[in-house]
Amino acid sequence: MDKKFYVTTPIYYINGSPHLGHAYTSIIADVMARAYQSLGSDVFFLTGTDEHGQKIAEAAADAHMDIQTFIDQRSGEFRKMNECLGISNLHFIRTSSATHEEVVTEIITTIYNKGDIYAGKYRGLYCVACEAYYTPDELLDGKHCKTHLTEVRELEEDTYFFKLSNFQQKLLEFYSANPDFILPKERASEILNRVKGGLDDLCITRTTFDWGIRFPFNEKHVLYVWVDALCNYISGLKESNTLHYNKYWPPNLHIVGKDISWFHTVIWPALLLSAGITPPHHILIHGWWTVEGEKMSKTRGNVIDPFEMSQKYGSDVFRFYLMYNAHISSDSNFSLLELKQQNNAILANNIGNLVSRVVTLLNQYCDGIIPIVGKLELEDERIIAIIKYTKKYTEALEEYNVRNALLDVIEKFSELNKYITREKPWDDFKNNNRESGEKTLALIAESIRFLSFCLDPFMPLKSQEMRSILGTKNLSFQFSFKNSEGSKVLTEKKILFVKLD
Ligand code: MSP
């Protein structure tokens, strides 16, 4: 486990409202941040909003709002999303902040002084939604953006270029020295092949609008929004505390969607190498979510709203559903029916039912007190060994595989369900075999207490609720009967996970 762990989400464009895609990236990052924290790392978790560029300027104009009011309001929605989903970021960076501007100016000045920036003219096809130039062969029928399906604009501008082409060799060397830089590994070959095919210099300033950071060497130019935005990973640290940059840089993990992998795996390390800054350790690229089999879009009216999901089903159920279906290397499909089925089968039946059964039995036969364990049988030792075995869980987290870590915990709950069915502690109490019945209940109670910590990063509210139902205040991340014996469980019946129709 890394001693310090600096994890980031992309900073979100604020021309629209937060949606499923933003929630997904932020929840993966939050799970990683919480998990690494609980496993003993010193964690810094950054998220924020990307507030410059033509797209935002046009959105503010369309909304007939002055730009400052517009960005404050829209950025505020993303902060609200974080609160609503239990995102535990330690800082929220806005690219309109003064510190951000200072940091970007400083980085660009360094790159300029290195001789990696030159003036020129650019003519090309621009997608405003991506804030990116494309060549005709990167477009649908040479005219439409593949991600947004909108028609690109032909632009011709005086501009400054970053000598990206000079970095081809350095990048290839960097990738080969850091074979885990691009994750999952399946994504790497496509990017490497593109880099091997040659890199065009990158146009890094614009003159046709002014909503951005001034290019320090020519006041008529503003910086290209992507160069501005990528620097948030540095400015966010510096803004949060003057000591944080030295403490946390370089990032352990940038989590990004597949559409923005090029910017993070090619442009970002090239800019950093030019500026003499160590690049991040890993870029985790995740697939996209479709909704009921279709691309999610405003025009289709199928945009999944994280606020609505949390309100209807609870933020932890929404978090659980996204992480349970987080097939990082491929796309995932959002289905309300599946959300309900998985809630019922896994959360309500597998986990919730077990908690409720044990608590009911403890109240019925043990005055609601978790008993002291006497003699253990072979079968008990076997189940304890399964519960205590956390290698699979920690290895999954080290590989940034949130789904596998979650599956490991769910499997352990299934094992406990099989165990209680086999042991039938209720029969023990009826047949005057108290010691055995007490042992079974205590074993399950301590297992649930222990597993609640493994669930914490995924469902911070529900796992806390589990512990409060068990009446345990013990926060140890070790399995030991001593942790829970003597605890007074909740007397009144509390349903942990409601079944959904
Ligand atoms: N502002 C840039 C990022 C700059 S980071 C230096 C940006 N913003 S975004 O708001 O458009 O997208 C942010 C993230 O949301 C991206 O990682 C993107 O992949 C993700 N998603 C947007 N729609 C998505 C889905 N339908 N499914 C999963 N993630 C998706 O790009």
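Residues numbered from 1 in each chain as written. Predicted model: local features only at pLDDT ≥ 70, side-chain atom pairs only at ≥ 80, totals over all residues. Heavy atoms only, no water.

Looking at the domain arrangement of the protein
And then number 1: Along its sequence, the protein is carved into domain 1 (4–286) and domain 2 (336–483).
And then number 2: Taking the mean C-alpha position of each, domain 1 and domain 2 sit 42 Å from one another.
And then number 3: With 15 residues of domain 1 at the contact, the number on the domain 2 side is 10 residues.
And then number 4: Between domain 1 and domain 2, roughly 1100 Å² of surface is buried when both sides are summed, and carbon and sulfur atoms account for 78% of that area.
And then number 5: It is Val31, Arg34 and Leu39 that lose the most area in domain 1 upon contact with domain 2, and together they represent 40% of the buried surface on that side.
And then number 6: At the boundary of domain 1 with domain 2, the tally comes to 0 salt bridges.
And then number 7: Viewed at the interface, domain 2 and domain 1 are joined by 1 residue pair in polar contact (both at pLDDT 80 or more).
And then number 8: Elements with a contribution of two residues or more to the side of domain 1 that touches domain 2: helix H1 (20–38) and strand S13 (282–286). (Domains from an automatic or database assignment. Contact = heavy atoms within 4.5 Å. Buried area = accessible area lost by both parts, 1.4 Å probe. Salt bridge = Lys/Arg side-chain N within 4 Å of Asp/Glu carboxyl O. Polar contact = N/O pair within 3.5 Å; in protein donor to acceptor, adjacent residues only side chain to side chain. Helix = DSSP H or I, 4+ residues; strand = E, 2+ residues; numbered from the N terminus.)

What to know about the site of the ligand
And then number 1: Not every one of the 23 residues close to the ligand is listed here, only the nearest: Ile11, Asp50, Gly257, Asp259 and Trp289.
And then number 2: In the model, an oxygen atom of the ligand is placed 2.9 Å from a nitrogen or oxygen of the Gly257 main chain.
And then number 3: A total of 670 Å² of accessible area belongs to the ligand in isolation, and the protein chains cover 95% of it.
And then number 4: When residues of the shell around the ligand are traced back to their parent elements, those giving at least two are strand S2 (12–13), H1, helix H7 (225–230), helix H8 (232–240) and strand S12 (253–257).
And then number 5: Per-element tally for the shell around the ligand: the top contributor is H7, with 3 residues.
And then number 6: Its residues assigned to classes, the shell around the ligand comprises 13 nonpolar, 8 polar and 2 charged. (Near = heavy atom within 4 Å. Areas by Shrake-Rupley, 256 points an atom, 1.4 Å probe, with all protein chains shown as cover. Nonpolar A, V, L, I, M, F, W, Y, C, P; charged D, E, K, R; others polar.)

Considering the pairing of strand S7 (residues 153–162)
And then number 1: Bridge count between strand S5 (residues 117–127) and S7: 10 bridges; the pairing is antiparallel. Considered in S7, the bridge of Ala119 is made with Tyr160.
And then number 2: The pairing of S7 with strand S9 (residues 202–203) spans 2 bridges and is antiparallel. Paired with Phe162 across the bridge in S9 is Leu202. (Pairing = 2+ DSSP bridges.)

Focus on empty space enclosed by the protein
And then number 1: As enumerated under the stated definition, the model contains 1 cavity of 30 Å³ or more in all.
And then number 2: In this structure, the largest cavity occupies an estimated 40 Å³ of space.
And then number 3: Forming the boundary of the largest cavity are Ile107, Ile108, Ile111, Val227, Cys231, Trp268, Leu271 and Leu272.
And then number 4: Elements with a contribution of two residues or more to the lining of the largest cavity: helix H4 (98–113) and helix H10 (261–275).
And then number 5: Taken together, the residues of the lining of the largest cavity sort by class into 8 nonpolar, no polar and no charged. (1 Å grid on protein atoms, 1.4 Å probe; cavity = no way out; pocket = protein on both sides within 12 Å on 5 of 7 lines; lining within 4 Å. Points joined across faces, edges and corners; volume = space filled by probe spheres on them.)

Looking at the pattern of salt bridges
And then number 1: All chains considered together, the criterion is met by 31 salt bridges.
And then number 2: Salt-bridge contacts for Glu157 lead to Arg206; the nearest nitrogen and oxygen are separated by 2.7 Å. Separated by 49 residues along the polypeptide, Glu157 in strand S7 and Arg206 in strand S10 (residues 205–206) bring together distant segments of the chain. The same class applies to Glu157 and to Arg206, which are both buried.
And then number 3: Linking Glu465 and Lys494 is a salt bridge whose minimum nitrogen-to-oxygen distance equals 3.9 Å. Here Lys494 lies in the segment after helix H19 (460–470) and Glu465 lies in helix H19, a separation of 29 residues in the sequence.
And then number 4: For Glu465, a relative accessible area of 18% gives the class buried.
And then number 5: For Lys494, a relative accessible area of 38% translates into the label partly exposed.
And then number 6: Connected via shared salt-bridge partners are Asp30, Arg34 and Arg319. (Buried < 20%, exposed > 50% of the residue type's maximum accessible area, 1.4 Å probe, protein only.)

A closer look at the packing of helix H13 (residues 336–365) against H19
And then number 1: Packing of H13 against H19 brings their axes to within 10 Å, and their N-to-C directions diverge by 10°. When the interaxial angle is binned, H13 and H19 end up roughly parallel. The chirality of how H13 crosses H19 is left-handed. On H19, the residues touching Ile351, Val355 and Val359 of H13 are Met466, Ile469 and Leu470.
And then number 2: Of the residues in the contact of H13 with H19, the class split is 6 nonpolar, no polar and no charged. (Axes fitted to C-alpha atoms, helices over the stretch in contact; angles between N-to-C directions. Parallel < 35°, antiparallel > 145°, perpendicular 65-115°, else oblique. Left-handed = near helix turned anticlockwise from the far one by under 90°.)

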